[in-house]
Amino acid sequence: MKMMPLERRGISDSRLVLGCMGFGGSWDLADPITPDHIKQAEEAIEAALSIGITMYDHADIYTRGKAESVFGQILKKQPKLREQLVIQSKVGIQLSDGILPGRFNFSQEHILSSVDGILERLGTEYLDVLLLHRPDPLMEPDEIAEAFTKLKLSGKVRNFGVSNMSPGQIRFLQRSLPDPIVVNQLEMSLLRHDFIDQGVHVNQKAGLKDNFAEGLMELMQMENIQIQAWGPLAQGKFSGRVSENATESELKTAALVQQIAEENETTPEAIVLAWLMKHPARIQPVIGTVNPKRIAACKDAVKQSELMTREQWYTLLVSARGINMP
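Rules of the game
Along each chain, the written sequence defines residue order, and numbers are assigned to residues from 1. Per-residue local features of the predicted model are confined to residues with pLDDT of at least 70, and side-chain atom pairs are confined, for both listing and counting, to 80 or more; whole-chain, interface and lining totals are unaffected and use all residues. Side-chain measures were taken over the full set of non-hydrogen atoms in the model, leaving aside hydrogen atoms and water. A run of H or I in DSSP becomes a helix once it reaches four residues, and a run of E becomes a strand once it reaches two; helices and strands are each numbered from the N terminus. The size measure is the radius of gyration over C-alpha atoms, and the globule rule it meets is 2.2 Å times the number of residues to the 0.38 power. The buried label goes to any residue with under 20% of its type's maximum accessible area, the exposed label to any with over 50%, and the partly exposed label to all in between, with areas taken from a 1.4 Å probe on protein chains only. Only the protein chains shown count as covering a residue, and every accessible area follows the Shrake-Rupley method with a 1.4 Å probe. Here the positive residues are Lys and Arg and the negative ones are Asp and Glu; neither His nor the chain ends is included. One atom stands in for each charge, and that atom is NZ of Lys, CZ of Arg, CG of Asp or CD of Glu. It is the directions from the helix axis to the C-beta atoms whose arc is reported. The contact criterion used throughout is that any non-hydrogen atoms of two residues lie within 4.5 Å. Definition used for salt bridges: Asp or Glu carboxyl oxygen within 4 Å of a side-chain nitrogen of Lys or Arg.

1. Here we look at the overall build of the chain
From N to C terminus, the chain includes 13 helices and 10 strands. Taken over the C-alpha trace, the chain has a radius of gyration of 20 Å; the compact-globule value for 326 residues is 20 Å, and the two agree within 12%. Considering only C-alpha atoms, the chain reaches an extent of 50 × 45 × 40 Å along its principal axes. Classification of the 326 residues of the chain by burial places 52% in the buried group. Just so you have it, the chain exposes about 15300 Å², and 51% of that area is on carbon and sulfur atoms. Counting 35 positive and 41 negative side-chain charges, the chain places the centres of these two groups 2 Å from one another.

2. Some points on helix α6 (residues 167–174)
For α6, the full list of buried residues reads Pro167, Ile170 and Leu173. Buried residues in α6, looked at end-on, bunch into an arc of 135 degrees, giving them a common side. For α6, the secondary structure elements touched by its buried residues are β6 (129–133), α5 (141–153), β7 (160–163), β8 (181–187) and α8 (216–222).

3. Observations regarding unusual backbone geometry
One non-glycine residue, Arg64, lies in the positive phi region at around 55 degrees. Relative to the elements of secondary structure, Arg64 occurs in the loop between β2 (55–57) and α3 (66–77). With a relative accessible area of 25%, Arg64 lands in the partly exposed category. Of note in the backbone geometry, Glu265 takes a positive phi value of approximately 55 degrees without being a glycine.

4. Structural notes on the pattern of salt bridges
Taken as a whole and judged by the stated rule, the model has 12 salt bridges. For Glu68, the salt bridge identified is with Arg121, shortest N-O distance 2.9 Å. Taken together, the residues Glu68 in helix α3 and Arg121 in helix α4 (residues 108–122) connect sequence positions 53 residues apart. By relative accessible area, which is 0% here, Glu68 ends up buried. Taking relative accessible area as the criterion, Arg121 reaches 26% and is therefore assigned partly exposed. Where Asp179 meets Lys152, a salt bridge forms, and the shortest distance between an N and an O atom there is 3.2 Å. On the criterion of sequence distance, the pair formed by Asp179 in the loop between α6 and β8 and Lys152 in helix α5 is long-range, its members being 27 residues apart. The exposure class assigned to Asp179 is partly exposed, which follows from its relative accessible area of 23%. Of the residues examined, Lys152 reaches a relative accessible area of 34% and is grouped as partly exposed. Among the ionic contacts, a cluster of salt bridges with common partners joins Glu187, Arg192 and Asp194.

Scope: geometric values only; no functional claims are made or implied.
Right under this line is the structure:
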């Protein structure tokens, strides 16, 4: 079986990643971390480990740092757990008074201070992977390279990546970096299938409406960069979540997912993830739920991706698109 890019680099063989944005309760710093928050995170991690998830995704802004603090308390209670896990976090977003980004900041000072804060909250000496969290229009690759070099030499970060970046941005940044970019994290799902549309709409008028960087999927595969998909479960729209605003194509796709799941004696979550994981780029979904039952429902995703036929894959895509292929 073809290996994932992270696996080929010897970083992680976890086909799924648990996203930890939901740890720590609300995004209001006035709301303290409680024993219930710790218990919730422990149960989520336990459920993830039970289905083979050993990679965990953070960001310094998630619940304004409380997500990492909760995770750190769990690592403190179970110190042997750290070496079983691959932990990544992200820096570069500065929040405003609300929870929306106020600024992006890839300055050396901000990167270095942010990593120190992450390590302190997690109670660990190093990150396996550090991602730059969305592009900063003012980024200077040489300055970022200096920051990454200091982090690598100090042992604080072992590998580096990005999120939500285009091919041009990645090439521009990589030219100055001493180490390879190993991850690009992007929103991708059966609902957000524009990464497929961009490829099939070449020389089509429909391509004028595509919202995905041209050549990004190809570049990731050529450069052995792991594509991580955030939002891969499509907010549960195809796996049981009922929405009054659901479109006809979403309702039909949810029914089709359920049908395939029943035929394969598995869960809708496994089918939704399997559709992504069927792609030859070996996409690594980052599931963001903290519900142990929903995490456990993802257990069969790898197997289902191997079992999924081309006909099933295309049938799901056409249903989700709401129109036939061009």
